[in-house]
Amino acid sequence: MTDTRFNLEKQLGSIRVDKDLLTRLEEYFLSELARMSGVSAKHFPKVFSISITDGVGTEVLHSIKDHRPVQLPDSTQRVAVSYNTSFDYDDELAAKIDVNLSFGREDLYTALKVNCSAPNARQIAISIEEAVLLLLEPHWTHNRLFHPFVGWEVLLFALMFVAAATGFTLIASGQISAASWLLLLTAALLAYFYAAKRLKPWSSFDSRSDRANEEVWRWFKFGVLTFLLFGSLLTLLRKRLFGF
C-alpha cells in the first residue's frame, strides 16, 4: 500500500511542566511511537530528545533521567519533546513519524506538531494527538486568563487609560468617592498587565523561581481581595447603613 502524508499542528493551552509530565511523555513515546514506527528500544535514543532552554543556553537530553536535578532550571524559558524518524532512511520502518511538543512562556511557543508518512498516516497522527492531550490534561492551568487576545488587550488598555484620566479629572473637581473607584480599577488593570503576566506565564515550569512566583501571586491575590473587601466594599456598606 502506498504511503500517504498527514500533518497536523495544534496550539496548546496554558500548562505547568514538571519532570513527572516529561517522564510520562517519554514513556508514551518509547512504548507507542516506537511501536508505530518500528523503532527498536536500542535505536530509540537516536530519534528521541528533550531540550531545555534557559537563560544560559539549551541542554539536549536523550532521556529525562539524564537530568539529575529534581527541578528544572530557574531561568527555564522553553522545553521541547521531540521524536523524529523523518530522516531515518531505514526502509523497514512501518511509518515515518515526526512529533514536536513545545512548551514556552509565551503561547506562540506552546504547540504540538505531528507529521506522519504511512499507509494510514491520518489515523496515526490523530491517535498521537489524542494520546498526548490526554497526558497533558492534568497539567492544564488557568494562566491563559492573563494572556488575552490582542483585541481584548487593546480594549483593556484603553479602558485603563480612560479610567485613569477620568479618575484624576474627578479628583480635580472634588468628587473623591467616584474617583477612588476609577483609580482602583486603573490599579487593578496595571497589576493585570504587568505583575500578573510576569507571575503567570503561559507555560510555567517546576523550578524554584516559578514556585517563588506562585507564592508571590498567592499573597498578591489575597492582598487584593482583602483590600477590596475591607477597604472598599465594607466601607461603602458602612456609609450606606450608618451614614459615616
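Scroll up a little and you will see the structure.
Everything numeric here is computed off the predicted structure, so don't read it as measured data.

## Looking at the pattern of salt bridges
And then number 1: Under the counting rule described, the total for this entry stands at eight salt bridges.
And then number 2: The partner of Asp206 in a salt bridge is Arg16, and the shortest N-O contact between them spans 3.0 Å. Of the two residues, Asp206 sits in the loop between β8 (203-205) and α6 (208-242) while Arg16 sits in strand β2 (residues 15-17), which places them 190 residues apart along the sequence.
And then number 3: Judged by its relative accessible area of 30%, Arg16 falls in the partly exposed class.
And then number 4: Between Arg211 and Asp206 there is a salt bridge, with its nearest N and O atoms 2.8 Å apart.
And then number 5: With a relative accessible area of 47%, Arg211 lands in the partly exposed category.
And then number 6: Judged by its relative accessible area of 8%, Asp206 is buried.
And then number 7: Linked by salt bridges that have partners in common, Arg16, Asp18, Asp206 and Arg211 make up one network.

## Topic: the nonpolar core
And then number 1: Core analysis: the biggest nonpolar cluster contains 43 residues, and Leu25, Phe29, Tyr83, Phe103 and Ile128 have the highest contact counts within it.
And then number 2: Taken together, the elements giving at least two residues each to this core come down to β2, α1 (19-37), α2 (44-47), β3 (48-53), β5 (78-84), β6 (96-104), β7 (111-118) and α3 (121-136).
And then number 3: Ignoring anything within four residues of it in the chain, the contact list for Phe29 reads Ala34, Phe44, Phe48, Val81, Ser82, Tyr83, Val99 and Val132.
And then number 4: Ranked by size, the runner-up nonpolar core spans eight residues in total, among them Phe146, Met160, Leu199 and Trp217.

## Quick notes on the packing of α1 against α3
Between two packed helices, both the angle of their axes relative to each other and the distance between the axes serve to describe the pair.
And then number 1: The interhelical angle for the contact between α1 and α3, taken along N-to-C directions, is 160°, at an axis separation of 10 Å. The angle between α1 and α3 places the two elements in the roughly antiparallel class. The element α1 and its partner α3 pack so that their crossing is right-handed. Contacts between α1 and α3 involve Leu21, Arg24, Leu25, Tyr28, Phe29, Leu33 and Met36 on the former and, on the latter, Ile124, Ser127, Ile128, Ala131, Val132, Leu135 and Leu136.
And then number 2: Looking at the contact of α1 with α3 residue by residue, the classes come out as 12 nonpolar, one polar and one charged.

The rules behind the values
- Residues numbered from 1 in each chain as written.
- Predicted model: local features only at pLDDT ≥ 70, side-chain atom pairs only at ≥ 80, totals over all residues.
- Heavy atoms only, no water.
- Salt bridge = Lys/Arg side-chain N within 4 Å of Asp/Glu carboxyl O.
- Helix = DSSP H or I, 4+ residues; strand = E, 2+ residues; numbered from the N terminus.
- Buried < 20%, exposed > 50% of the residue type's maximum accessible area, 1.4 Å probe, protein only.
- Core = buried A, V, L, I, M, F, W, Y, C linked by side-chain atoms within 4.5 Å.
- Contact = heavy atoms within 4.5 Å.
- Axes fitted to C-alpha atoms, helices over the stretch in contact; angles between N-to-C directions.
- Parallel < 35°, antiparallel > 145°, perpendicular 65-115°, else oblique.
- Left-handed = near helix turned anticlockwise from the far one by under 90°.
- Nonpolar A, V, L, I, M, F, W, Y, C, P; charged D, E, K, R; others polar.

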